[in-house]
Amino acid sequence: MKDDILIDVSRETIVLLQRLGLLVEKWNKSINLISKKTVPEIWNRHILDSAQIFYANNKSFKKWLDMGSGAGFPGLVVAILAQDKKIGGETVLVESDKRKCVFLSIVKRELNLNLSIINNRIESCDRQQADVISARALADLSSLLDLSFNHLSDNTTLIFSKGKSWKEELVAAEKTWNFRWEALTSITDAKSVVLKIGELSRANY
């Protein structure tokens, strides 16, 4: 069952995730946060899909950088689950759309979450030196690696949701980047993966 991924969290955390879903549904009527057709499937399509990104990281972190956070997936879910696991660390959400940042700030306040919100394009942000960098439905893999490169620390793990064309994107990215990778089958879509990448460097020509 998909919900098994959350089997070891507290009841209070489940309630926070449910409240997040309700806030997204409420604000989606005035701000285009998620596709309207996915609103009835917020729990599976967005919350559980984001939770698996959190659990793909198997180590503690000082800073988790979520690029192009949009409605807060996976960034808000990461902050909620990190709080549940008491693993510390700061979650930083970067989003260029000012209205979406207002929404993220509302959720931060209402759910009392430990996170920072940067209203900017990721390529214009100060260097973050993040331990974990995530993104969901933001760009192709080569572009994601380029966007991430300036924000790496000594041992950064990159975690990206990728659809059915992930293998083609991987081949394209390997032309300009060196990295190790692991593909975890998505619990919400058998054709998709959660791609874990480490040891990123530019390929030598």
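Scroll up to find the structure this text is about.
Here goes a summary of the coordinates provided. (Residues numbered from 1 in each chain as written. Predicted model: local features only at pLDDT ≥ 70, side-chain atom pairs only at ≥ 80, totals over all residues. Heavy atoms only, no water.)

1. A few points about the pattern of salt bridges
Heads up, the rule is: Here, a salt bridge means any side-chain nitrogen of Lys or Arg that lies within 4 Å of a carboxyl oxygen of Asp or Glu. Each residue is assigned to one of three classes by its accessible area relative to the maximum for its type, calculated with a 1.4 Å probe on protein chains only: buried under 20%, partly exposed between the two thresholds, exposed over 50%.
Enumeration over the complete set of coordinates arrives at 8 salt bridges. Arg-121 is paired through a salt bridge with Glu-123; the nearest N and O atoms lie 2.8 Å apart. Here Arg-121 falls in the partly exposed class, since its relative accessible area comes to 49%. By relative accessible area, Glu-123 is classed as partly exposed at 47%.

2. A look at the packing of helix α1 (residues 11-27) against helix α4 (residues 98-111)
How two helices pack is summed up by the angle between their axes together with the distance between the axes. This is how it is decided: For every element, the axis is a line fit to its C-alpha atoms; helices are fit only across the contacting stretch, and the angle between N-to-C directions ranges from 0 to 180 degrees. Helical segments are the DSSP runs of H or I of at least four residues, strand segments are the runs of E of at least two, and each set is numbered from the N terminus. Each helix crossing is assigned a hand: it is left-handed if the near helix lies turned anticlockwise from the far helix by less than a right angle, otherwise right-handed if that turn is clockwise. The contact definition used throughout considers only heavy atoms, calling two residues in contact when any of these lie within 4.5 Å. Charged means Asp, Glu, Lys or Arg here, nonpolar means Ala, Val, Leu, Ile, Met, Phe, Trp, Tyr, Cys or Pro, and polar covers whatever is left, Gly included.
α4 packs onto α1 with a crossing angle of 145 degrees between their chain directions and a minimal axis gap of 11 Å. In the packing of α1 onto α4, the handedness of the crossing is right-handed. Contacts from Leu-16, Arg-19, Leu-20, Leu-23, Val-24 and Trp-27 in α1 reach Phe-103, Ile-106, Val-107, Glu-110 and Leu-111 in α4. Broken down by class, the residue content of the contact of α1 with α4 amounts to 9 nonpolar, no polar and 2 charged.

3. Quick look at the packing of α1 against helix α2 (residues 42-56)
Selection rule: Should an angle lie under 35 degrees it is considered roughly parallel, over 145 roughly antiparallel, and from 65 to 115 roughly perpendicular; all remaining angles are considered oblique.
Relative orientation of the contacting elements α1 and α2 amounts to 120 degrees, with a least axis distance of 11 Å. Of the possible angle classes, the one that applies to α1 and α2 is oblique. Between α1 and α2 lies a crossing whose hand is right-handed. Note on element contacts: α2 touches α1 through Ile-42, Trp-43 and Ile-47, opposite Leu-17, Gln-18, Gly-21, Val-24 and Glu-25. Among the residues making up the contact of α1 with α2, the classes are represented as 5 nonpolar, 2 polar and 1 charged.

4. Section: the layout of surface pockets
The test is simple: Residues are said to line a cavity or pocket when one of their atoms sits within 4 Å of a point; the points come from a 1 Å grid over protein atoms alone, cavities being sets where a 1.4 Å probe fits but cannot get out and pockets being open sets with protein on both sides within 12 Å along at least five of seven lines. Grid points are joined across faces, edges and corners, and a volume is the space filled by probe spheres set on the points.
Taken as a whole, the largest pocket encloses approximately 640 Å³ of empty space. Of all elements in the fold, only α2, β5 (152-162) and β7 (193-202) reach the threshold of two or more residues within the lining of the largest pocket. In terms of residues, the lining of the largest pocket owes the most to one element, α2, which gives 4 residues. Grouping the amino acids of the lining of the largest pocket by side-chain chemistry returns 9 nonpolar, 12 polar and 8 charged. Empty space within the second largest pocket amounts to approximately 160 Å³. Lining the second largest pocket, in full, are Met-67, Gly-68, Val-94, Glu-95, Ser-96, Asn-120, Arg-121, Ile-122, Glu-123, Leu-138 and Leu-147. Here the residues of the lining of the second largest pocket are counted per class, giving 5 nonpolar, 3 polar and 3 charged.

5. Observations regarding unusual backbone geometry
Here Phe-73 and Pro-74 are connected by a cis peptide whose omega angle stands at 10 degrees. By the secondary structure assignment, Pro-74 is in the loop between β1 (63-67) and α3 (75-85). One non-glycine residue with positive phi stands out, namely Gln-129, at about 50 degrees. By secondary structure assignment, the location of Gln-129 is in the loop between β3 (115-119) and β4 (130-136). Backbone geometry at Ala-137 places phi at a positive 55 degrees, although glycine is not the residue there. Note on placement: Ala-137 falls in the loop between β4 and α5 (141-149). Judged by its relative accessible area of 78%, Ala-137 falls in the exposed class.

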